[in-house]
Amino acid sequence: MAKAQKNYVCSKCAAVTTKWSGRCDECGEWNTIAEEKPLSTSGPTKKSLGGMRGKPVPLSDLSTKDAPPPRTSSGIAELDRVLGGGLVPASAILVGGDPGIGKSTLLLQAAAQFALEGLKVIYVSGEESAAQVRMRAQRLGLGGAPVKLAAETNLRDILTTMEAEEPDLVIIDSIQTMWADNVESAPGSVSQVRAAAHELTTFAKTRGVSVVLVGHVTKDGQLAGPRVVEHMVDTVLYFEGERGHHFRLLRAVKNRFGPSNEIGVFEMTGDGLREVKNPSALFLSERDEPAPGSVVFAGIEGTRPVLVEFQALVAPSPHAQARRTVVGWDGGRLAMILAVLESRCSIPFAGLDVYLNVAGGMKVSEPAADLAVATALLSAREDVAVPKDCVVFGELSLSGSLRPVNQTENRLKEAKKLGFSSAILPARSKAAEKSGMSLRQMTDLVNFVGEVFGA
Ligand code: TYD
Ligand code: MG
C-alpha cells in the first residue's frame, strides 16, 4: 500500500506544503508550520448529508421558490450593516479577534436579538459552562431571551444536537475549543480547527442553518489562528479595539453577501456592548482646543464617512537614530510621506523623532489620509495649529502632487454635519463646491506648504 502523503500547513497564512520547515515560504513567519493529520473517512460525522449529491442543475432551472428567504435583521443596526443588511440564511460567518475583546459578549447579545426576532438560536460555548453563560446573559439584561445554551466541545455531539433541534442559527464559541474525534491531534491544532470548521460549514450549507464561528487570533503559535477557516466561510468579521479604549470596531474583511471593509462601531460598557450610531462624534469627543499636530481627517470606512483625529509629535531626537512611531496607521506610508516632504519640499526631518497616532484607537488604512498626515506632521514641526473647524483629506503621490479621492461629497457632508466649515483637499475634487464649505483646493504639496504654512 502506498504511504499516505503528509501535508504541512502554516497556522498564520494557511499555506499547505509537503515538507516541514522552520519558516513558512509563503508568509515568512517562523515556527508556524505543523503537520496536518488527514481526516479519517469513516464515522458518522463524515456521512453524506443528503441533498443533490453534486448533480449539476441548469442555472435557469433554479426556481424562484428555492431562492433564499430574505435576510433577518438582528435589531442591532451596526451588526446588520457589517453583515451587508442582516443575516443570510445558511451562511457561515467567522468572527475573529483578540481574547478578551468582547466576542462572546457581542455574540450573546446578537443571539438574544435574533431569538427575539423569531429565529431558533443555539449558543454553544466550549469555554464557559452553561451557568456562566446564563450569568453573563443576566448581567446583559438578556436573561429572558429564548436562546438555547449548550456547553459542549465534542463536534459529533454538537452536530447530532443540531440535526435533532433544527435551529436557524448556531453560534460556536470558540472554534479552537471544538474537537472532532476522527482527527488525532489536540483541540486548537490546525487539523482540528480545519476539520471542525469544515464539518460545521458543510452542515450549514446542506441543512440551511446559519453558523457563526468565533475564533481567537493569537500571536502565540500554540493556538491555530482562524486564518485557516477564512477560506471556508462566506463572511469574515474582525472585532478590533485597543484595550485601554472602550470602543470596539466590527470590520467585515470578506463578505460574499455585502460590501467588505464595512465597519460597525460599539462601545463596551458595564452592561454589554452598546451601538454607536455616530462614530465621528465619538472619535472627536475628546478633542480639546486646537493644538499643533492635531488634524481631523474626513475618512470613509466601508460605505460610510467617519471623521478621525490624527495627532503628530515632532521633537529633536536624543537618540543616534531618530524614532518613527505610528499607532493606527501604516508605518511604511509614514516613511513615504516624510520622504516626499524632505525631497520635494526641502523640509528635513533628520534628527527629529516623529510620533503619529490616530486618536481613540481607530485604525486607518485609506491612502486618502496622506494629506491629513502630512498636515499633522507639518503642524507639529512648525508648531502651528490647524483651525478647529477644518478637515483635511487627499492622496499624495511620490512626485508630491495631490490626487483627488473618492466620495469627496460624502466626506464633506459628514464634516459639515459635525460642525466643520472648511476643508483642505486636492484640486479637481468632484462635487466639492456643492458642500457649501469654505474650500482650499491644492494641486501639490509644495503649493500646499506655501499656502497653509507659509513656508
Ligand atoms: P468577552 O466577550 O468575554 O471577550 P472574548 O469572548 O472576546 O474573549 O469580553 C471580555 C471583556 O469584556 C472582559 O474584560 C469584561 C468586559 N465586559 C464588560 O466590560 N462589560 C460587560 O457587560 C461584559 C459582559 C464584559
Ligand atoms: Mg469568549
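These numbers were taken from a predicted model, which means no experiment stands behind them.

1. Section: the site of ligand 1
- Lining the immediate surroundings of ligand 1 are 15 residues, of which G102, K103, S104, T105 and G272 lie closest.
- Elements with a contribution of two residues or more to the shell around ligand 1: α2 (103–116) and α3 (130–139).
- Here the shell around ligand 1 is composed, by residue class, of 4 nonpolar, 7 polar and 4 charged.

2. Comments concerning the UniProt feature "binding site: ATP" (unreviewed entry) in the protein
- Under the UniProt annotation, the feature "binding site: ATP" (unreviewed entry) is placed at G97, D98, P99, G100, I101, G102, K103 and S104.
- The residue P99 is located in the loop between β4 (92–97) and α2 in this model.
- The topology assignment puts G100 in the loop between β4 and α2.

3. Re the environment of E395
- Among the structural elements, E395 can be located in strand β18 (residues 395–396).
- E395 sits 36 residues away from A359 along the chain, and the two C-alpha atoms are 20 Å apart.
- Once residues within four sequence positions are removed from consideration, E395 is found in contact with P367, A368, D370, R403 and V405.

4. Quick word on the sheet that holds strand β8 (residues 210–216)
- The sheet built from 9 strands is open, its strands ordered β6-β5-β7-β8-β4-β9-β10-β11-β12 with mixed pairing. This sheet does not close on itself; its edge strands, each paired only once, are β6 (148–151) and β12 (272–275). Each adjacent strand pair in this sheet contributes to an overall mean axis angle of 25 degrees, direction not counted.
- Seen against the sheet, α3 touches β5 (121–125) and β6 and runs at an angle of roughly 140 degrees to β6.

5. Description of the nonpolar core
- A111, Y123, I172, L213 and L237 are the most contacted members of the largest nonpolar core, which totals 74 residues.
- Here this core spans two domains, and each of domain 1 (1–36) and domain 2 (72–276) adds at least three residues to it.
- When sequence neighbours within four positions are dropped, the list of residues in contact with I172 reads V124, M178, L200, V211, V212, L213 and V214.
- Grouped together as the second largest cluster of nonpolar side chains are 52 residues, C345, A380, V386 and F420 included.

6. Re the packing of helix α8 (residues 331–345) against helix α11 (residues 445–453)
- At a minimum axis separation of 10 Å, α8 and α11 run at an interaxial angle of 85 degrees. What the angle tells us is that α8 and α11 run roughly perpendicular. On the side of α8, the interface is formed by V340, R344 and C345, while α11 contributes L445, V446 and V449.
- Broken down by class, the residue content of the contact of α8 with α11 amounts to 5 nonpolar, no polar and 1 charged.

7. Re the domain arrangement of the protein
- When the domains of the protein are assigned, the result is domain 1 (1–36), domain 2 (72–276) and domain 3 (282–453).
- Inter-centroid distance (C-alpha atoms) of domain 2 to domain 3 is 37 Å.
- Each side of the interface is counted separately: domain 2 has 10 residues, and domain 3 has 7 residues.
- Here the residues of the side of domain 2 that touches domain 3 are counted per class, giving 4 nonpolar, 3 polar and 3 charged.

What counts, and where the lines are drawn
Counting starts from 1 at the beginning of each chain's written sequence and moves along it residue by residue. For this description, chains carry letters from A and ligands carry numbers from 1, given in the order in which they are written. A pLDDT threshold of at least 70 governs which residues receive local features in this predicted model, and a stricter bar of 80 or more applies before side-chain atom pairs are shown or counted, although totals over entire chains, interfaces and linings include all residues. Any residue whose C-beta atom, as set from the backbone, lies within 6 Å of a molecule or strand is reported as near that molecule or strand. To qualify as a helix, a DSSP run of H or I must reach at least 4 residues; to qualify as a strand, a run of E must reach at least 2; elements of each kind are numbered from the N terminus. Note that Gly is not counted as nonpolar here; it falls among the polar residues with everything else outside the nonpolar set of Ala, Val, Leu, Ile, Met, Phe, Trp, Tyr, Cys and Pro and the charged set of Asp, Glu, Lys and Arg. UniProt positions are given in the numbering used here, feature names are shortened, and annotations may be inferred rather than shown by experiment. Two residues qualify as being in contact provided that their C-beta atoms, derived from the backbone, are within 7 Å of each other. Strand pairing requires that DSSP identify at least two bridges connecting the strands. Think of each axis as a best-fit line through the C-alpha atoms, taken over the contacting stretch in the case of a helix, with angles from 0 to 180 degrees between the N-to-C directions. A set of buried residues drawn from Ala, Val, Leu, Ile, Met, Phe, Trp, Tyr and Cys, joined through C-beta atoms within 7 Å, is what defines a nonpolar core. Residues with at least 20 neighbouring C-beta atoms inside 10 Å of their own are called buried, those with 12 or fewer are called exposed, and the rest are partly exposed, where every C-beta is derived from the backbone. As annotated, the domain borders come from an automatic or database domain assignment. Each angle receives one of four descriptions, namely roughly parallel if under 35 degrees, roughly antiparallel if over 145, roughly perpendicular if within 65 to 115, and oblique otherwise.

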